[in-house]
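# Coordinates in review
What follows is each chain in one-letter form.
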Amino acid sequence: MSAAQHMNVAMMTSGGLAPCLSSSVAYLIEFWASALKEGKISGLNIRMYVDGYKGVLTGDSTVISPEIYDECACLHDLGGSPI
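Read on for a plain summary of the structure. None of the values given here were measured: they were computed from a predicted structure.

## Quick look at the overall build of the protein
For the protein, the count of helices and strands is 2 helices and 3 strands. Overall, the protein shows an N-to-C arrangement of helices and strands of β-α-β-α-β. Relative to its full complement of 83 residues, the protein shows a buried share of 31%. Taking the intrachain contacts of the protein between residues at least 6 apart in sequence as the baseline, contacts between residues at least 24 apart amount to 69%.

## Overview of the pattern of salt bridges
This structure, assessed with the given rule, holds 2 salt bridges. For Asp-70, the salt bridge is made with Lys-37, and the minimal N-O distance between the two is 2.4 Å. Pair noted here: Asp-70 is in the segment after β3 (61-63) and Lys-37 is in helix α1 (residues 19-37), with a separation of 33 residues, a long-range link. Residue classification places Asp-70 among the exposed positions, given a relative accessible area of 58%. Across the salt bridge formed by Glu-38 and Lys-40, the nearest N and O atoms sit 3.0 Å from each other. Using a relative accessible area of 41% as the deciding quantity, one classes Lys-40 as partly exposed.

## Considering the sheet that holds strand β2 (residues 43-49)
Either a parallel or an antiparallel arrangement is found when strands of a sheet pair, and the pairing is made through backbone hydrogen bonds. The strand order β1-β2-β3 describes an open sheet built from 3 strands, whose pairing is mixed. The two strands at the open ends of the sheet, each matched to only one other strand, are β1 (6-12) and β3. The mean inter-strand angle of the sheet, taken between neighbouring strand axes irrespective of direction, is 20 degrees. Inspection of the sheet shows β1 paired to β2 by 7 bridges, in the parallel sense. When the bridges of β2 are listed, His-6 appears paired with Gly-43.

Rules behind the numbers
- Residues numbered from 1 in each chain as written.
- Predicted model: local features only at pLDDT ≥ 70, side-chain atom pairs only at ≥ 80, totals over all residues.
- Heavy atoms only, no water.
- Helix = DSSP H or I, 4+ residues; strand = E, 2+ residues; numbered from the N terminus.
- Buried < 20%, exposed > 50% of the residue type's maximum accessible area, 1.4 Å probe, protein only.
- Contact = heavy atoms within 4.5 Å.
- Salt bridge = Lys/Arg side-chain N within 4 Å of Asp/Glu carboxyl O.
- Pairing = 2+ DSSP bridges.
- Axes fitted to C-alpha atoms, helices over the stretch in contact; angles between N-to-C directions.

Quick look at the structure:
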């Protein structure tokens with residue numbers, strides 16, 4: 001990673017009740033938000049696709065607002081997928 005890089009990160013899941021999914025989403029957000037705060041990257045967009053490949057194909061997604069990067073830790077305590 002270079003501080004000159006603006007990162008576009010995307011994640012999709014197939015949904016369902018899998019205990020690790022919410023925590024994985026939280027970790028992804030925490031990792032890249034930390035890289036941004038530490039100046040390792042110059043910018044960040046995190047996009048979450050809904051309904052797995054269907055969301056990718058139809059463009060059904062949401063961009064995670066930078067204002068909530070620090071609030072995602074609660075996802076570590078949930079099962080399933082927040083996407």
